[in-house]
Amino acid sequence: MDLHARRADSFGAQAEAYAEHRPDYPVAAIRWALEPLGTSERLDVLDLAAGTGKLTAGLVAEGHRVTAVEPNEQMLSELVRRVHDVRALPGHAEHIPVPDSTVDAVFVATAFHWFDQEKALPEIARVLRPGGVLAAMWLETEDDVPWLKDFQQVSNTSVESQRQSPVKIMAHPLFEAPEHKIFPHVHRRNSPEAAIAWINTHSRMLVIDDEERAEVNDRMLAFLRERPETSNGPFDVPMYSDVFRMVRVSD
Ligand SMILES: C[S@@+](CC[C@H](N)C(=O)[O-])C[C@H]1O[C@@H](n2cnc3c(N)ncnc32)[C@H](O)[C@@H]1O
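Residues numbered from 1 in each chain as written. Predicted model: local features only at pLDDT ≥ 70, side-chain atom pairs only at ≥ 80, totals over all residues. Heavy atoms only, no water.

## Quick notes on helix 10 (residues 210–226)
Link 1 in the chain: Taking 1.5 Å of rise per residue, 17 residues should cover 24 Å, and helix 10 covers 24 Å from first to last C-alpha, within 8% of that figure.
Link 2 in the chain: Buried within helix 10 we find E212, R213, V216, N217, M220, F223 and L224. Looking straight down helix 10, one finds its buried side chains confined to an arc of 130 degrees; they lie on one side. Looking at helix 10, the residues exposed on the side facing more than 90 degrees away from the buried face are D210, E211, D218 and E226.
Link 3 in the chain: Lining the buried residues of helix 10 we find helix 7 (146–154), helix 8 (192–199), helix 9 (203–206) and helix 11 (228–231). (Helix = DSSP H or I, 4+ residues; strand = E, 2+ residues; numbered from the N terminus. Expected span 1.5 Å × (residues − 1). Buried < 20%, exposed > 50% of the residue type's maximum accessible area, 1.4 Å probe, protein only. Arc of directions from axis to C-beta. Contact = heavy atoms within 4.5 Å.)

What follows is the structure, given as structure tokens:
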């Protein structure tokens, strides 16, 4: 298995910690993504690559009928354990286990960069009704905050961060050009240890060897315990959500 495939499949090893420590998504981003549908009624929404349900829970809370699709068994089990009132199915973006034209919106949170876009885009178009929406979103840490900038240096590993911002979404004849919007967000951490637990759920941390991981964790802990912004009790990690929405046109 090549590194990309290993990383795409790495998250299940830390599924419980993932559910515990990864951030959720801003509600405003969900609402903006659904705006082209022109209604706030209950919609049929698919959370593709749903993981442990960090976004799924937000979609359910907004009152939508949600189907979550996720290939990794441990991630999907964690989702089922934590998020109720959702239909959860095993499956990949390149082969979605849902009938044609049955979904109003497909959300993809922090996962589009793992897909084979040439296969996934027509597959997403297949399950969407004409006029439906594809929303691809990511969460990023703010880069103009001095302590976070320094922390990023300290947390570097021999494996690069996967995502290059912004991810290029291929043009596809069944989708209008993407619209883009940024939403501010924060990720509250109660302690330096909780921040480190969050960083350890990223694929670049999951695929390195134990020795390197221990070194990086020691470095991060020393840094966070020293910095006044993070050493004393709870702190907020300033983040933003990068959202792209694309309307599916008629065939
Ligand atoms: C970083 S996690 C994001 C999970 C969740 N959407 C969230 O925001 O927390 C990436 C997820 O993509 C899933 N994934 C990787 N390759 C995939 C593919 N080809 N199709 C569908 N899901 C995939 C992984 O199993 C993992 O759960």
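## A closer look at the packing of helix 8 against helix 10
Link 1 in the chain: Across the interface, helix 8 lies against helix 10 with an axial gap of 9 Å and an inter-helix angle of 145 degrees. Handedness of the helix 8/helix 10 crossing: right-handed. The residues of helix 10 that touch helix 8, namely those facing P192, E193, A195, I196 and I199, are N217, M220, L221, L224 and R225.
Link 2 in the chain: Per-class residue counts for the contact of helix 8 with helix 10 are seven nonpolar, one polar and two charged. (Axes fitted to C-alpha atoms, helices over the stretch in contact; angles between N-to-C directions. Left-handed = near helix turned anticlockwise from the far one by under 90°. Nonpolar A, V, L, I, M, F, W, Y, C, P; charged D, E, K, R; others polar.)

## As for the nonpolar core
Link 1 in the chain: Ranked by size, the top nonpolar core spans 45 residues in total, and within it L55, F107, M137, W147, F151 and M220 carry the most contacts.
Link 2 in the chain: The biggest single contributor to this core is helix 3 (residues 27–34), with five residues.
Link 3 in the chain: Those residues in contact with M220, other than ones at most four positions away along the chain, are F151, V154, S155, I196, I199, N200 and M205. (Core = buried A, V, L, I, M, F, W, Y, C linked by side-chain atoms within 4.5 Å.)

## What to know about the site of the ligand
Link 1 in the chain: Near the ligand you find 21 residues, and of these Y18, Y25, A49, E70 and A109 are the closest.
Link 2 in the chain: A distance of 2.8 Å is found between a nitrogen atom of the ligand and a backbone nitrogen or oxygen belonging to A49.
Link 3 in the chain: One nitrogen or oxygen atom from the side chain of E70 is found 2.7 Å from an oxygen atom belonging to the ligand.
Link 4 in the chain: Contact with the protein chains covers 96% of the free accessible surface of the ligand, which is 590 Å².
Link 5 in the chain: When its residues are assigned to classes, the shell around the ligand shows 13 nonpolar, four polar and four charged. (Near = heavy atom within 4 Å. Polar contact = N/O pair within 3.5 Å; in protein donor to acceptor, adjacent residues only side chain to side chain. Areas by Shrake-Rupley, 256 points an atom, 1.4 Å probe, with all protein chains shown as cover.)

## Here we look at the environment of R82
Link 1 in the chain: As for its position among the elements, R82 is in helix 5 (residues 73–82).
Link 2 in the chain: Separated by 63 residues in sequence, R82 and A19 place their C-alpha atoms 8.5 Å apart.
Link 3 in the chain: Every residue in contact with R82, bar those within four places of it in the chain, is listed here: E16, A19 and E20.
Link 4 in the chain: A distance of 2.8 Å separates polar atoms of two side chains, one belonging to R82 and the other to E78.

## Here we look at the pattern of salt bridges
Link 1 in the chain: Under the defined criterion, the tally for this structure stands at 18 salt bridges.
Link 2 in the chain: For E78, the salt bridge identified is with R82, shortest N-O distance 2.8 Å. In this pair, E78 and R82 both sit in helix 5, four residues apart, roughly one turn of the helix.
Link 3 in the chain: Residue E78 is classed as buried on the basis of its relative accessible area, which comes to 8%.
Link 4 in the chain: Since its relative accessible area comes to 34%, R82 is described here as partly exposed.
Link 5 in the chain: Ionic pairing is found between K119 and D116, a salt bridge with its closest N-O pair at 3.8 Å.
Link 6 in the chain: Among the ionic contacts, a cluster of salt bridges with common partners joins E20, E78, R81 and R82. (Salt bridge = Lys/Arg side-chain N within 4 Å of Asp/Glu carboxyl O.)

Taken by themselves, the reported measurements are silent on function.
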